[in-house]
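Tertiary structure, described
Listed here are the chains, written in short residue letters.
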Amino acid sequence: RFGSGFKYQEQDTSESKNYGPGVIPGVLTDVDDTPYVYMPDTSRTLWYLSLQDEWNFAPDWEMTTGVRYDHYSDFGSTINPRMALVWSTRHNLTTKLLYGRAFRAPSFQEQFADQNPVTLGNPDLDPETIDTLELAFDFRPTFNWQTTLNLFGYRADGMIDYVHAGGGFNVAQNARDQKGYGFELEASWEANETVHLSGNYAWQYSIDCDSDSRIPDAPGQQAYVSVDWRFMPNWAIYSQLNWIGSRYRARDDSRDEIDDYFLLDVTLRRTSLWHNIDLVVKARNLLDENALEPSDGQKVTDDYPLEGRSLWCELRYRF
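Since the structure is predicted, the reported quantities are computational estimates derived from the model, not experimental observations. (Residues numbered from 1 in each chain as written. Predicted model: local features only at pLDDT ≥ 70, side-chain atom pairs only at ≥ 80, totals over all residues. Heavy atoms only, no water.)

**Examining the overall build of the protein**
Summing up its helical and strand segments, the protein has one helix and 19 strands in all. Computed over the C-alpha atoms, the radius of gyration of the protein is 25 Å, more than 25% above the 20 Å expected from 2.2 N^0.38 for a compact globule of 319 residues. With the principal axes as the frame, the protein shows a C-alpha extent of 70 × 55 × 50 Å. For the protein, with 319 residues in total, the buried portion stands at 29%. For the protein, the share of sequence-separated contacts (at least 6 apart) that also reach a separation of at least 24 residues comes to 51%. Of the roughly 19800 Å² of accessible surface on the protein, 56% is carried by carbon and sulfur atoms. (Helix = DSSP H or I, 4+ residues; strand = E, 2+ residues; numbered from the N terminus. Rg over C-alpha atoms; globule rule 2.2 N^0.38 Å. Buried < 20%, exposed > 50% of the residue type's maximum accessible area, 1.4 Å probe, protein only. Contact = heavy atoms within 4.5 Å. Areas by Shrake-Rupley, 256 points an atom, 1.4 Å probe, with all protein chains shown as cover.)

Right, dumping it as structure tokens:
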């Protein structure tokens, strides 16, 4: 399979401000199309070529390989291969070995931001890249049970961050590399025609390649359980429980570690309440958990609170 494509991206900027160079203090001034706008008008072109091959080289074995070449007018080219080896181990077990390389192109803001009192762009940025290796098992002990286990490792290079460069400015740089490994276990069970249960658990360990310190803020563990119960004709209740845990502060952040939290959501659905009208009632964070997401301690002292207990009612009309 061959593929090719072309894309053109353009960003036109406009800004009015009452501070900074080219502006009379306190007077709101339109700085469009001047050297004092926060970022100049910019554009980029992208074209790519891709090639993929699927090969059934032996009974119960399949190999899929591919490669994609991308060329950007602003930072150059990147080549990204992928591979998947699939073995039908048994009638109810499939084993997969997967490798992939991907990239993230720097944004216009990261490249060209200017006249900003805090952060500046860098036109010499390279794309971020990540290489991932994964071993996956899909096991179905019965027709009603499905389980999957994924083991993974990765390395991300050239991650873009804003680095202090003196004069009170932070400049975008390909500043750091990180690596990690972990696993994810999932299960799904159709208990009967009206009850469906599913859940997963994920664990990961990621560090900075230079300092060997844990990557801050990202959950080290996550768990999820859901129950879908159609308890009467046209009636169903759906509940889900999420747990987020094992998050770490940055090495230079002296605040207490981030608390784990549980979030329980419950949804009641009634289809065809009246003609084509459906009713949905949702309770979010039913236990009113004091859940917090981490902030950058250098800019925001307190962590970000998530929504407390709330109740939503929705009517849907089907044409």
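That shown, we press on.
**A closer look at a nonpolar patch on the surface**
The grouping of Phe2, Leu51, Val67 and Ile79 at the surface amounts to a nonpolar patch, some 420 Å² of accessible area in total. Tracing the backbone shows Val67 in strand β5 (residues 61-72). The exposure class of Val67 is partly exposed, given its relative accessible area of 34%. (Patch = residues over 30% accessible without salt bridge, like charges linked within 9 Å, V, L, I, M, F, W, Y side chains within 5 Å. Salt bridge = Lys/Arg side-chain N within 4 Å of Asp/Glu carboxyl O.)

**What about a negative patch on the surface?**
Together, Glu10, Asp12, Asp30, Asp33 and Asp41 give the surface a local cluster of negative charge. Here Glu10 lies in strand β1 (residues 2-11). (Lys, Arg positive; Asp, Glu negative; His and termini not counted. Charge placed at Lys NZ, Arg CZ, Asp CG, Glu CD.)

**What to know about the packing of aromatic side chains**
Under the criterion given, the structure shown has 16 aromatic pairs. A centroid spacing of 5.5 Å and a plane angle of 55° characterise the contact between Trp47 and Tyr69, whose relative ring orientation is tilted. One end of the pair, Trp47, is in strand β4 (residues 42-58); the other, Tyr69, is in strand β5, and 22 residues separate them in sequence. Owing to a relative accessible area of 26%, Tyr69 belongs among the partly exposed residues under this scheme. An aromatic cluster is defined as three or more aromatic residues linked by ring pairs; in this entry it consists of Tyr181, Phe183, Tyr201, Trp203 and Tyr205. We note Arg284 situated over the ring of Trp312; from NZ or CZ to the ring centre the distance is 4.6 Å. (Phe/Tyr/Trp six-rings, centres within 6.5 Å; stacked < 30°, edge-to-face > 60°. Lys NZ or Arg CZ within 6 Å of the ring centre and 35° of its normal.)

**Description of the side chain of Arg247**
Turning to its location among the elements, Arg247 is positioned in the loop between β14 (235-245) and β15 (261-274). Side-chain polar atoms of Arg247 contact the backbone oxygen of Asp259, separated by 2.9 Å. A polar atom in the side chain of Arg247 sits 3.1 Å from the backbone oxygen of Leu292. In this structure, Arg247 is in contact with Asp217, Ala218, Pro219, Glu257, Ile258, Asp259, Tyr261, Leu292, Glu293 and Pro294, ignoring residues within four places of it in sequence. (Polar contact = N/O pair within 3.5 Å; in protein donor to acceptor, adjacent residues only side chain to side chain.)

**Structural notes on the environment of Ser239**
Here Ser239 shows up in strand β14. With 14 residues separating them in the primary sequence, Ser239 and Val225 have C-alpha atoms 8.3 Å apart. For Ser239, the residues in contact, after removing those within four places along its chain, are Val225, Ser226, Val227, Asp265 and Val266.

**Here we look at unusual backbone geometry**
Not every positive phi belongs to a glycine, and Asp217 is a case in point at roughly 75°. Along the chain, Asp217 turns up in the loop between β12 (195-208) and β13 (221-232). The residue Ser246 is not glycine, and still its phi comes out positive at about 60°.

**Quick notes on the layout of surface pockets**
Taking a probe equal in size to a water molecule and rolling it over the atoms shows the remaining empty space. There is about 880 Å³ of room inside the largest pocket. Residue assignment for the lining of the largest pocket shows that the elements contributing at least two residues are β10 (145-164) and β11 (170-190). When residues of the lining of the largest pocket are assigned to their parent elements, the largest contribution, four residues, is made by β10. For the lining of the largest pocket, a count of residues per class yields six nonpolar, eight polar and 13 charged. Of the volumes computed, that of the second largest pocket is approximately 370 Å³. Every residue lining the second largest pocket is counted, 19 residues in all, and those nearest its centre are Gln52, Gly66, Val67, Arg68 and Arg82. Going through the elements one at a time, β4, β5, β6 (76-90) and β7 (93-104) are the ones with two or more residues in the lining of the second largest pocket. When residues in the lining of the second largest pocket are grouped by element, the largest group, six residues, is from β5. Partitioned by chemical class, the residues of the lining of the second largest pocket number six nonpolar, eight polar and five charged. (1 Å grid on protein atoms, 1.4 Å probe; cavity = no way out; pocket = protein on both sides within 12 Å on 5 of 7 lines; lining within 4 Å. Points joined across faces, edges and corners; volume = space filled by probe spheres on them. Nonpolar A, V, L, I, M, F, W, Y, C, P; charged D, E, K, R; others polar.)

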